Amino acid sequence: MQLSETIKLYMTKEQKALVAETMDEYIRTVNRLVSVAVNGTSISHYTTAHVHANLPSALVNQCIRDAKSIVNKYKKKCRKADIKNKKLKKQGSSITVKEPTVSVLKRPCCYINNQNFKIKEERIEFPVFVNGKSKRVSIRISLTDRQKELFRTGKLGIMRIVYKGRKIVAQIVYSVAEGEYLDTGNVMGVDLGIKCPAVSYISDGNVKFYGNGRRNKYIRRHYQYLRKKLQKAKHIHAVKRMSDKEQRIMKDIDHKISHTIIKTAVAHDVRVIKLERLANIRATTRTSRKNNHSLHNWSFYRLAKYIEYKAKLVGIKVEYINAVYTSQKCPCCGDIHHAKDRNYVCNCGFHTHRDLLGAINICNSTEICGNSIFA
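These figures come from a predicted structure and were not determined experimentally. (Residues numbered from 1 in each chain as written. Predicted model: local features only at pLDDT ≥ 70, side-chain atom pairs only at ≥ 80, totals over all residues. Heavy atoms only, no water.)

Asker: Requested: an account of the environment of Thr-184, with residues and values cited.
Answerer: As for its placement among the helices and strands, Thr-184 is situated in the loop between β7 (167-175) and β8 (186-192). With relative accessibility at 62%, the residue Thr-184 sits in the exposed group. Thr-184 sits 87 residues away from Arg-271 along the chain, and the two C-alpha atoms are 6.4 Å apart. (Helix = DSSP H or I, 4+ residues; strand = E, 2+ residues; numbered from the N terminus. Buried < 20%, exposed > 50% of the residue type's maximum accessible area, 1.4 Å probe, protein only.)

Asker: Just give me the short version of the side chain of Thr-352, but keep the residues and values in it.
Answerer: Here Thr-352 lies in strand β14 (residues 351-353). Dropping the residues within four chain positions of it, Thr-352 is found in contact with Arg-342, Asn-343, Tyr-344 and Leu-357. (Contact = heavy atoms within 4.5 Å.)

Asker: How would you explain the sheet that holds strand β3 (residues 118-120) if you had to name every residue and give the values?
Answerer: Strand order in the open sheet formed by seven strands is β2-β6-β7-β1-β5-β4-β3, and the pairing between neighbours is antiparallel. Each edge of the open sheet is held by one strand with a lone partner, namely β2 (109-112) and β3. Geometrically, the sheet is characterised by an average inter-axis angle of 40° between neighbouring strands, direction not taken into account. Lying on the sheet, helix α1 (residues 13-38) is in contact with β1 (2-10), β2, β4 (123-130), β5 (133-141), β6 (155-164) and β7; it crosses β2 at an angle near 90°. Against the sheet, helix α3 (residues 145-153) engages β1, β3, β6 and β7, with an angle of about 125° to β1. (Pairing = 2+ DSSP bridges. Axes fitted to C-alpha atoms, helices over the stretch in contact; angles between N-to-C directions.)

Asker: Explain the environment of Ser-200 to me, and be specific about the residues and the numbers.
Answerer: Considering the arrangement of structural elements, one finds Ser-200 in strand β9 (residues 198-202). On the basis of relative accessible area, Ser-200 is assigned to the buried category, the value being 0%. C-alpha separation for the pair Ser-200 and Leu-357, spaced 157 residues apart in sequence, amounts to 10.0 Å. Excluding anything up to four places from it in sequence, Ser-200 contacts Met-188, Gly-189, Val-190, Asn-206, Val-207, Lys-208, Tyr-210 and Ala-359. A polar contact is formed between the side chain of Ser-200 and the side chain of Tyr-210, at a distance of 2.8 Å. (Polar contact = N/O pair within 3.5 Å; in protein donor to acceptor, adjacent residues only side chain to side chain.)

Asker: So what's going on with a positive patch on the surface? Which residues, and what values?
Answerer: Positive charge collects at one region of the surface, where Lys-8, Lys-16, Lys-164, Lys-167, Lys-245, Arg-248 and Lys-251 lie side by side. Here the element with the most residues in the positive patch is helix α5 (residues 236-267); it accounts for three residues. (Patch = residues over 30% accessible without salt bridge, like charges linked within 9 Å, V, L, I, M, F, W, Y side chains within 5 Å. Areas by Shrake-Rupley, 256 points an atom, 1.4 Å probe, with all protein chains shown as cover. Salt bridge = Lys/Arg side-chain N within 4 Å of Asp/Glu carboxyl O. Lys, Arg positive; Asp, Glu negative; His and termini not counted. Charge placed at Lys NZ, Arg CZ, Asp CG, Glu CD.)

Asker: Residue-level account of the environment of Phe-151, with values.
Answerer: Structurally, the position occupied by Phe-151 is in helix α3. Owing to a relative accessible area of 11%, Phe-151 belongs among the buried residues under this scheme. On a C-alpha basis, the gap between Phe-151 and Ser-175 in space is 9.6 Å, while along the polypeptide they are 24 residues apart. Aside from chain neighbours lying at most four places away, what touches Phe-151 is Glu-5, Ile-7, Ile-119, Leu-143, Leu-156, Ile-172 and Tyr-174.

Asker: Please set out the packing of aromatic side chains residue by residue, giving values where relevant.
Answerer: Tallied over the entire structure, the rule returns three aromatic pairs. Residues Tyr-26 and Tyr-111 carry aromatic rings whose centres are separated by 6.3 Å and whose planes lie at 40° to one another, so their mutual orientation is tilted. Of this pair, Tyr-26 sits in helix α1 while Tyr-111 sits in strand β2, placing them 85 residues apart in sequence. Owing to a relative accessible area of 25%, Tyr-111 belongs among the partly exposed residues under this scheme. Look at Tyr-306 and Tyr-309: their rings are 6.3 Å apart centre to centre, the planes differ by 90°, and that puts the pair in the edge-to-face class. One end of the pair is Tyr-306 and the other is Tyr-309, both in helix α8 (residues 300-313) and three residues apart, which spans about a single turn. On the accessibility criterion, Tyr-306 (13% relative accessible area) is buried. (Phe/Tyr/Trp six-rings, centres within 6.5 Å; stacked < 30°, edge-to-face > 60°.)

Asker: Tell me about the confidence of the model for the chain, and name the residues and values.
Answerer: Averaged over all residues, the pLDDT of the chain equals 88, while 93% of them reach at least 70. Residue range residues 282-286 is modelled with pLDDT below 50. Its contacts to residues more than four positions away, or to other chains, number seven contacts. (pLDDT = per-residue confidence, 0-100.)

Asker: Tell me about the pattern of salt bridges, residues and numbers included.
Answerer: The full count for this structure, using the stated rule, is 13 salt bridges. Between Glu-308 and Lys-312 there is a salt bridge, with its nearest N and O atoms 3.7 Å apart. You can see Glu-308 and its partner Lys-312 sitting in helix α8, four residues apart, about one turn around the helix. Overall, Glu-308 belongs to the buried group, its relative accessible area being 8%. When salt bridges that share partners are traced, they join Glu-21, Glu-25 and Arg-28 into one network.

Asker: Could you give an account of the nonpolar core, with specific residues and numbers?
Answerer: Considering soluble globular proteins, one finds that nonpolar side chains tend to be buried as a cluster. Within the largest apolar cluster, 41 residues are counted, with the highest numbers of intra-cluster contacts made by Leu-9, Ile-124, Phe-126, Met-159 and Ile-161. In contact with Ile-124, other than residues within four places in its own chain, are Leu-9, Phe-117, Lys-118, Ile-119, Val-137, Ser-138, Ile-139, Ile-141, Met-159 and Ile-172. The next biggest cluster of nonpolar side chains, apart from the first, holds 26 residues, and it includes Ile-202, Ile-219, Leu-303 and Ala-311. (Core = buried A, V, L, I, M, F, W, Y, C linked by side-chain atoms within 4.5 Å.)

Asker: Explain unusual backbone geometry to me, using residue names and the numbers behind them.
Answerer: Although it is not a glycine, Glu-121 sits at a positive phi angle of roughly 50°. Inspection of the secondary structure puts Glu-121 in the loop between β3 and β4. For Glu-121, a relative accessible area of 73% puts it in the exposed group. We note that Tyr-325 has phi near 65°; this positive angle belongs to a residue other than glycine. Residue position: Tyr-325 is located in the loop between β12 (317-322) and β13 (343-345). By relative accessible area, Tyr-325 is classed as partly exposed at 46%.

So this is what it looks like as structure tokens:
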């Protein structure tokens, strides 16, 4: 499995200027190569000799690879559009699918493969272009003990240099071994929601509620109020900082919830975690003025992906099931009823919390939709 780690770069003014120029030249080169390919000239056999750019040859090679990838994706979209238009024409429809647009890189960045950067103690080295020549720049970094262990034992992949706010950081991909999957064990169903971020039910009868939905809604309302004030005062940079801070807090909450879910799963010998396939949930869920903002800021996809990758690390499979009626169907008699507020009461006598009902039905469900949230 491939994961990524972000490293802060402590650069001098000269180093920052060099790296910023390298990032700008990188995206200009990629966009130029994509434009050449789209206008009819093949770049499949391009080498560094065909490309004139103020970049080290290692980065020029990476530019060519990135441009090829963008062009291949564009051609694939074009083929799909052509097939769709032929089908529509055959059906006698006057509707036509528009041709896809070519992706253009706008955000300054550069990619460096693992053969062209080195991490030595508290410094990282990679090539830049200085006065017409390729030169390796050595930048000071600060690594935690965990990061040192990861980079020492893990297999490093590509590194991306990118802006994070006003600062430039390095994002390094590394490979880690997945846990060994078990054939026997319990099944856990996890219901994701707004008022209660997550509820788990395990086939051995264990029940657990995670997070505090009211606190999450308060955090979002608080930062929305601050952004509104700053927008009126026309403090654009402060608005961006507030948005970034809110996202960091919510990501941290999702990480903690997913970590606790996996910890509970390991403690109860869970072999499979079942989640709802929540594709198009925003379009199908009943909305109101009261919960509309919360629904459209609900990070269900991020939390589901956190649970998925952390489960793989400890050898637990993740399956996605059909979410239809999971919060309305009685697990005892099978009748479908709407819950009153957060309480679910069935005519057969069964009663429980609505979110727990969802977790029970997810755990017992056999309608597997695959191993992807958008399968």
